[in-house]
Structure formats: C-alpha cells, structure tokens
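# Understanding the architecture of this molecule
Given next are the chains, with one letter for each unit.
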Amino acid sequence: AIGLDVDASALGDCRRAKLPVVLAPAEHMPLRAQAFDGLIWNVAIPYADESQVMQEIGRILKRGARGYLCYHGFGYFLRYVLAGPNIRMRFYGIRSVLNTWYYRLRGSRLSGFWGDTLYQTHGRLLRYYRRDGLKLLESRTGKTFLGFPVFIYHLVEKV
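First things first, this report covers the structure right here in the doc.

Reading guide: rules and limits
Residues numbered from 1 in each chain as written. Predicted model: local features only at pLDDT ≥ 70, side-chain atom pairs only at ≥ 80, totals over all residues. Heavy atoms only, no water. Helix = DSSP H or I, 4+ residues; strand = E, 2+ residues; numbered from the N terminus. Buried < 20%, exposed > 50% of the residue type's maximum accessible area, 1.4 Å probe, protein only. Contact = heavy atoms within 4.5 Å. Areas by Shrake-Rupley, 256 points an atom, 1.4 Å probe, with all protein chains shown as cover. Lys, Arg positive; Asp, Glu negative; His and termini not counted. Charge placed at Lys NZ, Arg CZ, Asp CG, Glu CD. Pairing = 2+ DSSP bridges.

Broken down by element type, the chain carries five helices and eight strands. When the helices and strands of the chain are read in sequence order from the N terminus, they spell out β-α-β-β-α-β-α-α-α-β-β-β-β. If you line up the chain on its principal axes, its C-alpha atoms span 45 × 35 × 30 Å. Put simply, the chain has 159 residues, and 43% of those count as buried. Long-range contacts, defined as pairs at least 24 residues apart, comprise 57% of the intrachain contacts of the chain with a sequence gap of at least 6. Summing over all exposed atoms, the chain offers an accessible surface of approximately 8,900 Å²; the carbon and sulfur share of this is 57%. Here the chain contributes 23 positive and 12 negative side-chain charges, whose respective centroids are spaced 4 Å apart.

Dropping the structure here:
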C-alpha cells in the first residue's frame, strides 16, 4: 500500500508513523503503470483535474484491479448554497456549482479562486471510465439533498 497527497505536513505525519507515502499531485502520479491491484480514492477528484486523474487511475491499475472511488455529487454543494452555516460556505457552494457548469460547457475550469472545486456526475464519470479502460461494477449514492446525491460511490475494475 502507498499513500499519495500534495500536503507535505500530512505526509510527514504518515512518514513518522512508518507509512509509505509519496508527495505528488494526483494528475501526475510517479507510480509505475499497471502496478497496482487496487485503489481507494476518497473525495480528492473534485479538487484536481478530474480528466487527468482518471487517466492516471486507468494507467496505474493492473488488468482486473478494482478501484473504490468516492466523489462529491451536486447535492453536496447545493446543501451549502441553500443551507450553509454561514455566508462563506454558501459562497463556496455557489462558486463550486458555477465552476462545474462552466467546466461542462467549456471543458476547463474558471480561473483562480473561482475554479478550485467541481462536483462529479454519473454520466461524466462513465465517459472517463470508458476512455481510460475502467468498467463500472457498482454505483450507489449516500445521503441526498433535495433528491440530489451528496456523495457518489463507485466500484470500478480495470479491463
């Protein structure tokens, strides 16, 4: 097992605990191709270039390997927009929704502060899976907000 993160202080804690970790962005994992039997990915893709990350996931997994992936759904940010605990969190929800809509129309994020977070959709994820040699085995959502998924959970397999 190996951990990957861009936060050097978090990785320092892991290293002190004798856990193997790598300081690197998810878009450019310094890991061998087809070297991993499995992957657990917990809500990191909304903060990265999701297209590149999905390519990397497809690259590092061995044929038949499985990935357990968790994403933010639209309901996650809608909850902040409509019921956020303060104006700052409501604004975070609004800019995340706007950024995702812009991304869907233009294929790129808004610049700077505005473009830091995306929510994922089942359809967009399926397109990445097909492109990157992944097959969706199971899909479920956690809680919903006004009928929209807060979290999306996928089990995929490298084909």
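Before going further, it helps to spend a moment on the pairing of strand β8 (residues 151-158). By the criterion of burial, β8 is predominantly enclosed, with six of the eight residues buried. As paired elements, strand β4 (residues 61-72) and β8 share seven bridges and run antiparallel to each other. Residue pairing in the sheet places Cys70 in a bridge with Tyr153 of β8. Taken together, the seven bridges between strand β5 (residues 134-141) and β8 define a ladder with antiparallel strand orientation. Paired with Lys135 across the two strands is Glu157, which belongs to β8.

Turning our eyes to something else, we now look at the pairing of β4. Within a regular beta strand, the side chains point alternately toward one face of the sheet and then the other, so they alternate between its two faces. With six bridges connecting them, strand β3 (residues 36-42) and β4 associate as parallel partners. The residue of β4 that forms the bridge with Asn42 is Cys70.

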